[in-house]
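Coordinate analysis (summary)
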Amino acid sequence: MTRTRIEGLLAAFPKLMNTGKQHTFVETESVRYVYQPMEKLYMVLITTKNSNILEDLETLRLFSRVIPEYCRALEENEISEHCFDLIFAFDEIVALGYRENVNLAQIRTFTEMDSHEEKVFRAVRETQEREAKAEMRRKAKELQQARRDAERRGTKAPGFGGFGSTAVSGGTTAAMITDAIIETEKPKVTPAPTSVHMKIEEKISLTCGRDGGLQNMELHGMIMLRIQDEKFARIRIHVENEDKKGVQLQTHPNVDKKLFTTESLIGLKNPEKSFPINSDVGVLKWRLQTTEESLIPLTINCWPSESGSGCDVNIEYELQEDSLELNDVVIAIPLPSGVGTPVIGEIDGEYRHDSRRNILEWCLPVIDAKNKSGSLEFSIAGQPNDFFPVHVSFVSKKNYCNIQVTRVTQVDGNSPVRFSTETTFLVDKYEIL
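Now for a description of the structure that goes with this document. (Residues numbered from 1 in each chain as written. Predicted model: local features only at pLDDT ≥ 70, side-chain atom pairs only at ≥ 80, totals over all residues. Heavy atoms only, no water.)

1. Quick look at the overall build of the chain
Regarding its fold elements, the chain presents eight helices and 21 strands. Counting over 433 residues, the chain shows a buried share of 36%. Taking the contacts inside the chain whose residues are at least 6 apart along the sequence as the reference set, 68% of them involve residues at least 24 apart. (Helix = DSSP H or I, 4+ residues; strand = E, 2+ residues; numbered from the N terminus. Buried < 20%, exposed > 50% of the residue type's maximum accessible area, 1.4 Å probe, protein only. Contact = heavy atoms within 4.5 Å.)

2. Topic: the sheet that holds strand β14 (residues 326-334)
Read across the open sheet, the nine strands follow the order β9-β11-β7-β6-β21-β19-β14-β17-β16; overall the sheet is mixed. Edge positions in the sheet fall to β9 (248-251) and β16 (350-354), since each has one partner strand and no second. Between one strand and the next, the sheet's axes are offset by a mean angle of 15°, whatever the strand orientation. The pairing of strand β6 (residues 196-208) with strand β7 (residues 214-227) spans 13 bridges and is antiparallel. From the neighbouring strand, V196 faces β7, where its bridge partner is I227. (Pairing = 2+ DSSP bridges. Axes fitted to C-alpha atoms, helices over the stretch in contact; angles between N-to-C directions.)

3. Topic: the nonpolar core
The biggest cluster of nonpolar side chains holds 64 residues, and the ones touching the most others in it are L298 and I331. Apart from the residues within four sequence positions on either side, L298 is in contact with Y317, E318, L319, L326, V329, I367, V392 and Y430. Core analysis: the second largest hydrophobic core is formed by 17 residues, L62, I67, L86 and A89 among them. (Core = buried A, V, L, I, M, F, W, Y, C linked by side-chain atoms within 4.5 Å.)

4. Focus: the pattern of salt bridges
Side-chain pairs of opposite charge can arise where the charged atoms are in close proximity. Scanning all chains against the criterion turns up 18 salt bridges. As a salt-bridge pair, K199 and E201 come within 3.7 Å of each other at their nearest N and O atoms. You can call E201 partly exposed: its relative accessible area is 25%. Because the salt bridges share partners, they merge into one network encompassing R352, D354, R357 and E361. (Salt bridge = Lys/Arg side-chain N within 4 Å of Asp/Glu carboxyl O.)

5. Thoughts on the packing of aromatic side chains
Tallying each qualifying case throughout the model produces 10 aromatic pairs. Here the aromatic rings of F13 and Y33 are separated by 5.5 Å at their centres, their planes lie at 40°, and the arrangement is tilted. Note that F13 is positioned in helix α1 (residues 3-16) and Y33 in strand β2 (residues 31-38), a separation of 20 residues in sequence. The same class applies to F13 and to Y33, which are both buried. Three or more aromatic residues joined by ring pairs form one cluster here, namely F13, Y33, Y35 and Y42. (Phe/Tyr/Trp six-rings, centres within 6.5 Å; stacked < 30°, edge-to-face > 60°.)

6. Comments concerning the state of the cysteines
Evaluated as defined, the whole model comprises zero disulfides. Cysteine C71 shares no disulfide, and the gap to the nearest cysteine sulfur, in C83, comes to 9.4 Å. (Disulfide = S-S within 2.5 Å.)

7. With respect to the sheet that holds β2
The three strands lie next to each other as β1-β2-β3, forming an open sheet whose pairing is antiparallel. Of all the strands in the sheet, just β1 (25-27) and β3 (41-48) have a single pairing partner and so form its edges. Taken pair by pair, the neighbouring strands of this sheet meet at an average axis angle of 20°, ignoring direction. Alignment of β2 against β3, held across eight bridges, turns out to be antiparallel. Following the sheet pairing, Q36 is matched in β3 by M43. The sheet contacts of α1 involve β1, β2 and β3, and relative to β2 the element is tilted by about 60°. Helix-sheet contacts for helix α2 (residues 53-70) involve β1, β2 and β3, and the interaxial angle to β2 is about 35°.

8. Notes on the pairing of β2
Within β2, six of the eight residues are buried, leaving the element largely enclosed by the surrounding structure. Here β1 pairs with β2 via three bridges, running antiparallel. Residue pairing for β2: E27 is matched across the bridge by R32. Here β1 hands over to β2 after three residues, the two strands then running antiparallel side by side. Joining the antiparallel neighbours β2 and β3 is a turn of two residues, in which E39 adopts a positive phi near 55°.

Next up, the structure:
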């Protein structure tokens, strides 16, 4: 069928449709239009007059159920924005003019299929980008060093190509280009750690009931030591433990446990030995397991209540640990399949509706003592059980258990050693069942 023929059939449809009739199909001499009103729009299926109208109606219903999976509203601009997603989904329903034996769940699975070749291509491209950025930083450092050497000698830094000593001197040009390269990279490059670097990492696994009560909360923490210079391999780490939650501490087998218990110092049992060089070594780990509700760092209350047209859902959060600052918080609420977009009432923060996964994501950039509580209200068709389990994710640069490294000293002479720390508090599992 040519494009002109299709455009002619579609142009004739509004003239043939009679809104006064109850049925939703209309026939001409050659084709049958089967249609379904969708608010201000119409879903139209054009078939031959010999096709089975019952099968056509079932196909039309499946088409209409696909649209809310990709579009937040049944409006022309929203459908235009997601036109390619809809075409790909429609292509799974009808192939070569014939209906495929698929349901909505299978369509969702087929359209989300991963491509191994695409993953390989992306991995290669990301590697090339990282190498190019590393080369750019190396060149920038060389230019900076050349500029410093030239300033010490009292001469001009080498110019670039034919610029030489024009309106801007070679040294100034080098400085401008170098500073521009480094400034561009600043937001993406983590500052280089010192010769002694410690990574403090905690992961939390938490399960709460929807009606309240902490079923289980387990937190694991660890201090990882990395030494990059052999002259700082014989050191002692001063740890400050102000935790009041009852964590269980455990040192590495090679660490002097008595020294840690009496003086809160992490050092090797044999002070003449050195810590390994250029490798991450776990020197101290801790564990907290509790069912005490007051220790929940971030409480989530979800209250779905049935209304005449579906459910009104109220969900709220409250930060119980004021010392924490949680970043990139996402509270994911499951939604019923095939019921369209939720109607958002009041909201603190922002939201995303993932129609493919049937999830409403409540997004909050920061939760801290100044922004310790908030709420979200929305309405959608469904039953109260449809909105569980709720999943929470976040990251934090402050650890939950107040365990910190305050000083690092050398074994010989007790002289202080410059060190750096990196603290991360992550979610392994955080759900409300």
